[in-house]
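# Structural characterization, general
Take a look at the letters that make up each chain.
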Amino acid sequence: MTGCLAIEAFLKVAGPGSPLLAAELRHLRGALAAAPAGAGARGHLEGDFLLFGVGIPGAPAPAPELEAFLDRYLEAMGPWATGTRFTSCAERTTWLKTCVPDGALERLTWTRALLDPDGVLVGPQLPPS
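Below is a summary of the structure that appears in this document. Since the structure is predicted, the reported quantities are computational estimates derived from the model, not experimental observations.

The next thing to look at is unusual backbone geometry. Here Ala59 and Pro60 are connected by a cis peptide whose omega angle stands at 5°. Relative to the elements of secondary structure, Pro60 occurs in the loop between β2 (49-54) and α2 (63-77).

Spelled out as structure tokens, the structure:
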């Protein structure tokens, strides 16, 4: 029954009137369910589905309105969220804390401090130098 509630919530927020160019629930599991040996910082994804939404500022909604809508979109699906984000789909996050496990975040932060102390490498999800 909770699956039906999730789909109803998704359709309510992402259906007609949504300013999103695309709104999707992508099926996970299979090879994404378990990390293979030596997989690195993000070897698998928790959960059964990945929520995805994308919009273009100004088409049809201006950027602030689109940002507010994306907040409502995430909030509406919150009861079914795992609390982690997939970095390739996390354009709005500027920090890896919600994208990788704590141990991996510590290793990535240490690696960045060791190999890029001046913060030359720029990326939206890199830990601060």
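With 15 residues, α2 extends 21 Å between its outermost C-alpha atoms, agreeing within 8% with the 21 Å of an ideal straight helix rising 1.5 Å per residue. Of all the positions in α2, only Leu66, Phe69, Leu70, Tyr73 and Met77 are classed as buried. Relative to the axis of α2, the buried residues are bounded by an arc of 105° and lie together on one face. Exposed and oriented more than 90 degrees from the buried face of α2 are Pro64 and Glu75.

Moving on: the side chain of Ser18. Tracing the backbone shows Ser18 in the loop between α1 (2-14) and β1 (22-27). With relative accessibility at 17%, the residue Ser18 sits in the buried group. For Ser18, the side chain forms a polar contact with the main-chain nitrogen of Leu20, separated by 3.1 Å. Apart from residues lying up to four places away in sequence, Ser18 is in contact with Val13 and Phe69.

What follows is about the pattern of salt bridges. Opposite charge on two side chains permits pairing when their charged atoms draw close. Summed over all chains, the structure comprises 3 salt bridges. Ionic pairing is found between Glu24 and Arg26, a salt bridge with its closest N-O pair at 2.6 Å. Judged by its relative accessible area of 30%, Glu24 falls in the partly exposed class. Where Asp116 meets Arg112, a salt bridge forms, and the shortest distance between an N and an O atom there is 3.0 Å. This pair shows no difference in class: Asp116 is buried, exactly as Arg112 is.

Here is what the cut-offs are and how they apply
Residues numbered from 1 in each chain as written. Predicted model: local features only at pLDDT ≥ 70, side-chain atom pairs only at ≥ 80, totals over all residues. Heavy atoms only, no water. Helix = DSSP H or I, 4+ residues; strand = E, 2+ residues; numbered from the N terminus. Expected span 1.5 Å × (residues − 1). Buried < 20%, exposed > 50% of the residue type's maximum accessible area, 1.4 Å probe, protein only. Arc of directions from axis to C-beta. Polar contact = N/O pair within 3.5 Å; in protein donor to acceptor, adjacent residues only side chain to side chain. Contact = heavy atoms within 4.5 Å. Salt bridge = Lys/Arg side-chain N within 4 Å of Asp/Glu carboxyl O.

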